[in-house]
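Here is how the chains run, residue by residue.
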Amino acid sequence: MLLMQTAVFRRVVRPLRAPVRGAVLSAMLLVFTAVGCRDAAAPPARSSADTVPSGGIDRDACRARLEAAISRLPPDSLAAITNLDGNVGALNAWLVECAADEVAGLTVSEQNLAFFDASARRAITSPRFTARDVAWVRDALISARLAQAVTSRAEENGADSEAVRIIRLFEWVGASLSLQMPEEADVPRGYLDFLLSGRGPLEARVWVFAVLLRQLQRDVVLLSPDEQADPAATAMLAVCLDDRMLLFDPRSWMPVAVDGDQTVFPDDTAGADWIRNRSGWQNVHAAIIAETSAVCPRMLVLQGQLPASSAAVLYEEIAGGTSPIRPLIERVTAASSGLLDASRMHWWSWPDEQINRFTAAQESERRTYTALMKHFEAPFEREPLQLDADFQELLSRPDLSAQQRDALWTQRWQMEYQRMEELRASGDMNKLFGRPSGRLLAVRLEQIQGRSDRSVIQRLQRVRTACMDDAIQMRVPTTIDPSGIRSIPIPEAIQNVNRQATGDALYWTALCQIDRRQPGTAITSLQSYRRQYPDGRWFYPSFLNQARALLMQGRTEDAVRILTQADAEANPDRAHVQALLKRIRRLLSDSEAEANAESPADADTPAEAGDGAGEPTSGLPDDADGGSDGDSQQPAEPSDSEPKPTSAAGESAD
């Protein structure tokens with residue numbers, strides 16, 4: 001309207017003489033005002049898409065439906081981890097009624113599909129959500145919270161750059177996801193299973209690190225001198241910042257040190273030039289780490305509709321052509337400074353192969369998986385003895401003597417004991433020894449979403465306490481047992497589950513204490529774990545994490561002694577131990593050489609020191625508050641009743 005008024009004034013009114021021009025302007029003002037008022041009074045035309053999505057329900061209803069579907073994704077039991085049918089139905093109902101037209105308008109480009117095999121292409125182009133899609137959405141939501149929590153803690157502890165935050169995230173993955181022992185069953189598992197159990201093969205570490213980085217909107221690829229990007233062989237991990245790369249060695253799970261960096265705690269890593277200077281790496285190949293679900297157009301639509309409280313990165317544009325998002329290949333190529341060529345990029349299929357194995361697992365594999373995850377159902381809780389109304393009424397009669405009340409109680413305990421004996425004979429362990437509570441699963445889910453506050457530690461301790469009983473203590477009449485107590489041993493199968501739950505709870509307590517920057521308390525918990533569970537599966541990881549805690553306290557020589565004990569052939573993470581030991585010993589050697597150089601008496605006997613160029617290194621932030629658990633070397637809040645270390649300066653071997 002304004003443009004039209006301006007044009008009329010220039011072409012018609014301006015050439016007129018002043019008296020005439022004033023009259024014409026007044027008339028035009030009345031006309032345009034009337035037209036303008038009429039246009040303003042009319043309600044603006046609204047597209048049907050503004051109010052009625054694909055299925056005919058309004059946007060508020062669509063939003064409520066999606067929020068309800070997303071809220072159901074966090075599992076509350078082991079069965080909910082694997083049984084996703086209800087979640088699939090809920091998301092597909094939302095898609096059909098609220099987003100079908102939008103999804104139909106997106107077509108997967110041939111450039112994206114070219115990276116995948118036929119099976120993956122069928123999954124990507126499916127018009128509906130599948131169970132693996134729902135698992136990916138759930139895992140992405142959990143990973144988004146975890147990645148944010150870990151990097152926020154790193155920032156609070158002095159990580160003042162994106163590179164440092166990524167290095168700290170890398171170290172967190174290595175400390176929290178231990179390599180499984182060779183004798184552990186190679187059971188097909190999903191992403192969440194690896195996070196929950198805290199154990200897996202080397203490839204699982206790479207997978208978890210890549211998913212966490214995606215939630216931070218950072219790209220990572222596996223570099224290798226050929227097309228076989230095997231993390232256990234020759235591959236390197238490259239995290240892409242805007243115009244550079246950060247290199248990590250997955251075998252030793254250490255950052256690749258910048259030439260000349262002699263610190264144990266690096267704030268940077270080597271980049272593309274380090275690869276260029278390595279022999280045999282003239283034609284570098286890059287493997288893209290992305291599940292097929294992340295390439296589906298339906299994920300792009302869902303990502304844009306997620307509630308603000310559940311924001312997560314669900315979609316990845318690989319090569320372009322499906323969405324206006326800048327393709328991953330372009331981003332990675334730009335960050336490599338000419339090192340990488342798009343023609344030498346391929347897809348790392350291990351995560352999808354693992355998911356396919358899990359989906360098509362044999363019955364024997366499913367039984368092994370159930371046994372592997374069974375301890376998350378602990379503790380087994382049995383309802384306490386309840387007095388029925390008739391018995392309570394009988395006890396409350398005022399005419400009963402004390403002797404009569406004792407007789408009634410004796411009769412009651414005798415009846416209860418007989419009922420317990422009948423249950424034991426029937427073999428109904430649920431009624432006799434209790435039903436699985438899933439309390440360990442609930443608190444562990446919170447921990448892998450980044451929580452490590454005091455309430456998480458307290459709940460882990462309560463799980464330990466509840467799982468320590470090896471028998472049900474039953475009060476009985478003295479006619480049955482003179483002591484007045486009769487014990488019913490808990491079956492060995494349940495005790496095995498409880499023992500694993502108590503060990504895991506103690507070890508995960510120590511990890512929380514390290515996250516909370518309480519190294520002294522963590523050291524006590526880790527020592528306690530090895531004393532109580534000398535054959536436990538966290539035996540070697542406990543050494544590594546104890547060394548981390550000691551290094552946080554500045555007790556470098558004690559850390560060397562602990563790591564030396566972990567330098568064993570049976571340790572699956574021995575490469576990490578040896579690389580860390582080499583870095584620390586070199587640092588100690590350099591410090592000794594400097595001290596000798598300052599002393600005239602020892603000036604002619606300098607200690608040997610290496611250059612360490614290109615050597616992988618690892619690091620943790622220093623203890624910012626000097627020991628937030630009271631005394632940086634003596635624990636202030638013991639994790640259990642076991643004796644504490646007797647020396648603040650060192651520690652004897654377990």
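Residues numbered from 1 in each chain as written. Predicted model: local features only at pLDDT ≥ 70, side-chain atom pairs only at ≥ 80, totals over all residues. Heavy atoms only, no water.

Counted according to the given criterion, the structure contains one disulfide. The disulfide partner of Cys-62 is Cys-98, and the S-S distance across this bridge is 2.1 Å. Negative torsions about the S-S bond denote left-handed disulfides, and the value of about -95° found for Cys-62 with Cys-98 makes this one left-handed. Of the two residues, Cys-62 is situated in helix α4 (residues 59–71) and Cys-98 in helix α6 (residues 85–104); the sequence distance between them amounts to 36 residues. (Disulfide = S-S within 2.5 Å. Helix = DSSP H or I, 4+ residues; strand = E, 2+ residues; numbered from the N terminus.)

The next subject is the environment of Ile-289. With respect to the helices and strands, the residue Ile-289 is situated in the loop between β7 (285–288) and α14 (297–305). Of the residues examined, Ile-289 reaches a relative accessible area of 4% and is grouped as buried. Sequence separation between Ile-289 and Val-211 is 78 residues; the distance between their C-alpha atoms is 8.5 Å. Beyond its immediate chain neighbours, meaning those up to four positions away, Ile-289 contacts Val-206, Ala-210, Arg-214, Val-220, Leu-222, Leu-237 and Trp-348. (Buried < 20%, exposed > 50% of the residue type's maximum accessible area, 1.4 Å probe, protein only. Contact = heavy atoms within 4.5 Å.)

Side chains carrying opposite charge are able to pair once their charged atoms draw close together. Overall, the coordinates contain 32 salt bridges when judged by the stated rule. Here Glu-162 and Arg-218 are joined by a salt bridge, their closest N and O atoms 3.4 Å apart. Of this pair, Glu-162 sits in helix α10 (residues 162–176) while Arg-218 sits in the loop between α12 (202–215) and β3 (219–224), and the two are 56 residues apart along the sequence. Here Glu-162 falls in the partly exposed class, since its relative accessible area comes to 25%. In the salt-bridge network here, residues are joined through shared partners; they are Glu-162, Arg-165, Arg-218 and Asp-242. (Salt bridge = Lys/Arg side-chain N within 4 Å of Asp/Glu carboxyl O.)

Judged by nonpolar contacts, the single largest core of 137 residues is most densely connected at Trp-94, Phe-209, Leu-223, Leu-237 and Leu-302. Looking at this core, the element that brings in the most residues is helix α9 (residues 131–156), giving eleven residues. Excluding its chain neighbours within four sequence positions, the residues that come into contact with Leu-223 are Thr-234, Ala-235, Met-236, Ala-238, Met-245, Leu-247, Ile-275, Trp-281, Val-284, His-285, Ala-286 and Leu-340. (Core = buried A, V, L, I, M, F, W, Y, C linked by side-chain atoms within 4.5 Å.)

This part is about the packing of aromatic side chains. Across all of its chains, the model carries 19 aromatic pairs by this definition. Their ring planes at 15° and their centres at 6.0 Å tell us that Trp-348 and Trp-350 sit as a pair that is stacked. A relative accessible area of 7% means that Trp-348 is categorised as buried. Each ring, one from Tyr-507 and one from Trp-538, has its centre 4.4 Å from the other, and the planes form 5°; the classification is stacked. Residue Tyr-507 is found in helix α23 (residues 492–515), and its partner Trp-538 is found in the loop between α24 (519–532) and α25 (539–552); the two are separated by 31 residues along the sequence. Chaining the aromatic ring pairs together yields one cluster made of Phe-376, Tyr-507, Trp-508, Tyr-529, Tyr-533 and Trp-538. Taking NZ or CZ as reference, Arg-444 lies 4.0 Å from the ring centre of Trp-508, over its face. Residue placement shows Arg-530 over the ring face of Phe-543; its charged tip is 4.1 Å from the ring centre. (Phe/Tyr/Trp six-rings, centres within 6.5 Å; stacked < 30°, edge-to-face > 60°. Lys NZ or Arg CZ within 6 Å of the ring centre and 35° of its normal.)

Here we take up the pairing of strand β5 (residues 245–249). Extensive coverage of β5 is indicated by the burial of five of its five residues. In β5, alternate side chains face the same way, and those of Met-245, Leu-247 and Asp-249 on one face and Leu-246 and Phe-248 on the other are all buried. Connecting strand β4 (residues 236–240) to the next strand, β5, in antiparallel fashion are four residues. Across two bridges, the pairing between β5 and strand β6 (residues 254–255) is antiparallel. Within the sheet, the bridge partner assigned to Phe-248 lies in β6 and is Pro-255. Linking two consecutive strands that pair antiparallel, namely β5 and β6, is a turn of four residues; a positive phi of about 50° is found at Trp-253 within it. (Pairing = 2+ DSSP bridges.)

All right, on to the sheet that holds strand β8 (residues 345–347) then. The strand order across the open sheet formed by six strands is β6-β5-β4-β3-β7-β8, and the pairing between neighbours is mixed. Bordering the open sheet on either side are β6 and β8, each of which pairs with just one other strand. Note: β3 against β7, four bridges, orientation antiparallel. Paired with Leu-222 across the two strands is Ala-287, which belongs to β7.

Quick look at the side chain of Glu-317 now. Position of Glu-317 among the secondary structure elements: in the loop between α14 and α15 (328–335). Arg-331 provides the closest opposite charge to the buried, unpaired Glu-317, separated from it by 8.2 Å. A polar contact of 2.6 Å, which involves the side chain of Glu-317, links it to the side chain of Tyr-315. Within the structure, the side chain of Glu-317 is placed 3.5 Å from the backbone nitrogen of Gly-321, a separation counted as a polar contact. (Lys, Arg positive; Asp, Glu negative; His and termini not counted. Polar contact = N/O pair within 3.5 Å; in protein donor to acceptor, adjacent residues only side chain to side chain.)

With an omega of -5°, the peptide bond between Ala-378 and Pro-379 qualifies as cis. Relative to the elements of secondary structure, Pro-379 occurs in the loop between α17 (363–373) and β9 (380–381). Not every positive phi belongs to a glycine, and Ser-337 is a case in point at roughly 55°. Given a relative accessible area of 48%, Ser-337 falls into the partly exposed group.

This brings us to the packing of α6 against α14. The geometry of α6 relative to α14 is characterised by a closest axis approach of 11 Å and an angle of 105° between their N-to-C directions. As summarised for this structure, α6 and α14 are arranged roughly perpendicular, according to the angle between their axes. Here Leu-91, Trp-94, Leu-95, Ala-99, Glu-102 and Val-103 of α6 lie close against α14, whose contacting residues are Arg-298, Val-301, Leu-302 and Gln-305. A class-by-class count of the residues in the contact of α6 with α14 yields seven nonpolar, one polar and two charged. (Axes fitted to C-alpha atoms, helices over the stretch in contact; angles between N-to-C directions. Parallel < 35°, antiparallel > 145°, perpendicular 65-115°, else oblique. Nonpolar A, V, L, I, M, F, W, Y, C, P; charged D, E, K, R; others polar.)

The predicted model of the protein chain has a mean per-residue pLDDT of 82, with 80% of residues at 70 or higher. Segment residues 1–21: pLDDT under 50, and 17 contacts once partners within four positions in sequence are set aside and those in other chains are kept. This stretch, residues 23–52, has a pLDDT under 50; its non-local contacts, to residues over four places away or in other chains, come to 18 contacts. (pLDDT = per-residue confidence, 0-100.)

Okay, the packing of helix α21 (residues 439–447) against α23 next. Between α21 and α23, whose axes approach to 12 Å, the crossing angle comes to 25°. Judged by the angle between their axes, α21 and α23 are roughly parallel. For the pair α21 and α23, the crossing hand works out as left-handed. In this structure, α21 contributes Leu-440, Arg-444 and Gln-447 to the contact, and α23 contributes Ala-501, Ala-505, Trp-508, Leu-511 and Cys-512. Its residues placed into classes, the contact of α21 with α23 shows six nonpolar, one polar and one charged. (Left-handed = near helix turned anticlockwise from the far one by under 90°.)

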